[in-house]
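What the coordinates show
The residues making up each chain are set out below.
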Amino acid sequence: MKTRVFGILQRIGRSFMLPITVLPIAGLFLGIGSSLTNETTISSLHLEGVLGNGTFLHDFLIILTKVGSGLFNNLPLIFAAAVALGMAKKAKEVAVLSSIIAFFVMHTTISGMLSLNGSILDNQIINPDVLDGTITAVCGIMSLEMGVFGGIIVGLGVSYIHNRFYQIQLPDFLSFFEGERFIPIISTIVYILVGFLMFYIWPTFQDGIFKFGQWIASSGYGGTFVYGIVKRAL
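Throughout what follows, the structure given in this document is the object of discussion.

The rules we used
Residues numbered from 1 in each chain as written. Predicted model: local features only at pLDDT ≥ 70, side-chain atom pairs only at ≥ 80, totals over all residues. Heavy atoms only, no water. Helix = DSSP H or I, 4+ residues; strand = E, 2+ residues; numbered from the N terminus. Expected span 1.5 Å × (residues − 1). Buried < 20%, exposed > 50% of the residue type's maximum accessible area, 1.4 Å probe, protein only. Polar contact = N/O pair within 3.5 Å; in protein donor to acceptor, adjacent residues only side chain to side chain. Contact = heavy atoms within 4.5 Å. Salt bridge = Lys/Arg side-chain N within 4 Å of Asp/Glu carboxyl O. Phe/Tyr/Trp six-rings, centres within 6.5 Å; stacked < 30°, edge-to-face > 60°. Core = buried A, V, L, I, M, F, W, Y, C linked by side-chain atoms within 4.5 Å. Axes fitted to C-alpha atoms, helices over the stretch in contact; angles between N-to-C directions. Parallel < 35°, antiparallel > 145°, perpendicular 65-115°, else oblique. Left-handed = near helix turned anticlockwise from the far one by under 90°.

Between its terminal C-alpha atoms helix 7 (residues 92-116) stretches 36 Å, which fits the 36 Å expected from 25 residues at 1.5 Å a residue. Downstream of helix 7 by one or two residues, Gly 118 has phi in the positive range, about 90 degrees.

Given below as structure tokens:
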């Protein structure tokens, strides 16, 4: 039992490594682009003629900044696809596609629930009464701020569904939908339900994270010590 659990954790860890590899280049793009397009930095280096507004390098660095931001902003989707890829045993491309579909389905369901309860107003405007930072745009969908955890939830869930059902046999009149074709269908149905659950469950986690952050900020050196331990452990 212990060996099996350890093996699963190893596979999950290897799945995380794939999206993590994109972080250094994204960080470089964002850091270099934002620092070298900063007016104060440009003037202090006396490089207005090379890096100033309207120059080729300035425009190129603006693009680098946007590329870096785009990668960071879409990390949840990248994690969803990468975890499904790493955890699927066979037909990995089907698992990746299904995870992307499930990711959009889950967040669209959450967005619909937020609209129904008044947290999101017309024209995708967040209700001023909503706690700042709890709702954000996820790939253009206004949803709960779940970060990469949302992607991990999708990747792990879809990979489990995929490994269990990718060889499923259906009655003859439904044979077109059997096997690998069944995975996107069942993933869509399951993640509508997961979206409903996350709408009710995730705010509790958000509240816990928020209170934990408040405790760290108000606990002096003790809070800093705990923060350091958690950061290094992650």
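Alright, that's what it looks like, and here's the rest.
This part takes up the side chain of Thr 37. Within the secondary structure layout, Thr 37 lies in the loop between helix 2 (22-36) and helix 3 (39-45). Exposure remark for Thr 37: the relative accessible area of 17% places this residue in the buried category. Within the structure, the side chain of Thr 37 is placed 2.6 Å from the backbone oxygen of Gly 33, a separation counted as a polar contact. The contact partners of Thr 37, leaving out residues within four places of it in the chain, are Ile 42, His 58, Leu 61 and Ile 62.

Our next topic: the pattern of salt bridges. The final tally for this structure, using the stated rule, is 1 salt bridge. Between Lys 211 and Asp 207 there is a salt bridge, with the nearest N and O atoms lying 3.2 Å from each other. Of this pair, Lys 211 and Asp 207 both sit in helix 9 (residues 182-218), 4 residues apart, which is roughly one turn of the helix. A relative accessible area of 34% places Asp 207 in the partly exposed class.

In this section: unusual backbone geometry. At Ala 91, a position not held by glycine, the phi torsion is positive, near 45 degrees. For Ala 91, the location among the structural elements is in the loop between helix 6 (75-87) and helix 7. Notably, Cys 139 is not glycine yet its phi reads approximately 55 degrees, a positive angle. Relative to the elements of secondary structure, Cys 139 occurs in the loop between strand 1 (135-138) and strand 2 (141-144). On the basis of relative accessibility, which here comes to 31%, the residue Cys 139 falls in the partly exposed class.

All chains considered together, the criterion is met by 9 aromatic pairs. Plain terms: the ring middles of Phe 103 and Phe 104 are 6.0 Å apart, the flat faces sit at 80 degrees to each other, and that makes the pair edge-to-face. Residue classification places Phe 104 among the partly exposed positions, given a relative accessible area of 31%. Ring plane angle 20 degrees and centroid distance 6.2 Å describe the contact between Phe 212 and Trp 215, whose orientation is recorded as stacked.

Next up on the list: the nonpolar core. Among the nonpolar cores identified, the biggest contains 25 residues, and Met 106, Val 154 and Tyr 191 are the most heavily contacted of them. Where this core is concerned, the elements lending two or more residues are helix 6, helix 7, strand 1, strand 2, helix 8 (147-165) and helix 9. Sequence-distant contacts of Met 106, that is, excluding residues within four places in its chain, are made with Met 146, Gly 150, Val 154, Tyr 191, Val 194, Gly 195 and Met 198.

Moving on: the packing of helix 2 against helix 5 (residues 56-73). The contact between helix 2 and helix 5 brings their axes to 7 Å, and the two run at 140 degrees. The angle between the axes of helix 2 and helix 5 places the two elements in the oblique class. Handedness of the helix 2/helix 5 crossing: left-handed. Contacts between helix 2 and helix 5 involve Val 22, Leu 23, Ala 26, Gly 27, Phe 29, Leu 30, Ile 32, Gly 33, Ser 34 and Leu 36 from the former and Leu 61, Leu 64, Thr 65, Val 67, Gly 68, Ser 69, Leu 71 and Phe 72 from the latter.

This next bit is on the side chain of His 107. On the secondary structure map, His 107 appears in helix 7. In this structure His 107 comes out as buried when scored by relative accessible area, which is 2%. With near-sequence residues (within four places) excluded, His 107 lies in contact with Val 138, Ile 141, Ser 143, Leu 144 and Met 146.

Here Val 154 lies in helix 8. Residue Val 154 is classed as buried on the basis of its relative accessible area of 0%. Separated by 70 residues in the primary sequence, Val 154 and Ala 84 have C-alpha atoms spaced 8.0 Å apart. Ignoring sequence-local partners within four residues, the contact set of Val 154 consists of Ala 80, Ser 99, Ala 102, Phe 103, Met 106 and Tyr 191.

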